[in-house]
Amino acid sequence: MPTSRSVLAAGALALGLALTPAGSATAADGCGTEVWRMTINGIDVRNGGDSGGGELYGDVVFDDQYLWSRSRSDAVWVPNGPLDIASANRWKMWDEKLFPTNGATGKVFVVKADLWDYDYVSGDDRVAVGTRTVDPLQEGEGRHQLDYCYGSSCSEGQTVITYTLELVGGCTSGQCVG
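The model shown is predicted, which means the values in this text are computed figures rather than measured ones.

### Looking at the nonpolar core
- Core analysis: the largest hydrophobic core is formed by 28 residues, its most contacted members being Met38 and Ile40.
- When contributions to this core are tallied by element, the ones reaching two or more residues are β3 (33-47), β4 (53-62), β5 (65-70), β9 (109-117), β10 (125-134), β11 (142-150) and β12 (157-172).
- At five residues, β3 tops the list of elements feeding residues into this core.
- When sequence neighbours within four positions are dropped, the list of residues in contact with isoleucine 40 reads Phe62, Leu67, Met93, Val111, Ile161, Thr162 and Tyr163.

### A closer look at the confidence of the model for the chain
- Here the chain averages 82 in pLDDT, and 76% of its residues register 70 or above.
- Taken together, the stretch residues 1-30 has pLDDT below 50 and engages in 49 contacts with residues farther than four places along the chain or on a different chain.

### Looking at the environment of glutamine 65
- Within the fold, glutamine 65 resides in strand β5.
- Classification of glutamine 65 as buried rests on a relative accessible area of 9%.
- Considering only alpha carbons, one finds glutamine 65 and tryptophan 94, 29 residues apart in sequence, at a separation of 9.8 Å.

Rules behind the numbers
Residues numbered from 1 in each chain as written. Predicted model: local features only at pLDDT ≥ 70, side-chain atom pairs only at ≥ 80, totals over all residues. Heavy atoms only, no water. Core = buried A, V, L, I, M, F, W, Y, C linked by side-chain atoms within 4.5 Å. Buried < 20%, exposed > 50% of the residue type's maximum accessible area, 1.4 Å probe, protein only. Helix = DSSP H or I, 4+ residues; strand = E, 2+ residues; numbered from the N terminus. Contact = heavy atoms within 4.5 Å. pLDDT = per-residue confidence, 0-100.

Next up, the structure:
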């Protein structure tokens, strides 16, 4: 199964763009296209469902790449604070995509969070559940966040995912940048 980076490379070749060895994309021909990078800076569990944290299970997926995953039967105590991403998954915390600037839709980065706090007595609590899309052409460069908040004043659970968007290449008005 192709990775998102191999799909990106194939798409870049089809549009006449070249990828540099370091992973940054540079536009060569194909005016009206921008290359954006999204980097997940951190996943902050602010309320794990219980006092001070929770027995968490579920997945955090960025552009079809699993950053963190545990089954319900393998729930692990996670204190409130940064969710530890295994060093083997650190490379998955960024991705680059081509975005047409001509108004075409459907180009977005996708973050899926399905984190739950396992409760032995009561029902499990949502800590971060849902699929969020990020369109850099609407949000622009800089640091942003996705806030998953459940219950009154986030009493059931809350997780904040912080990310950065960077324009790393593109071509507008015949001028290539990047």
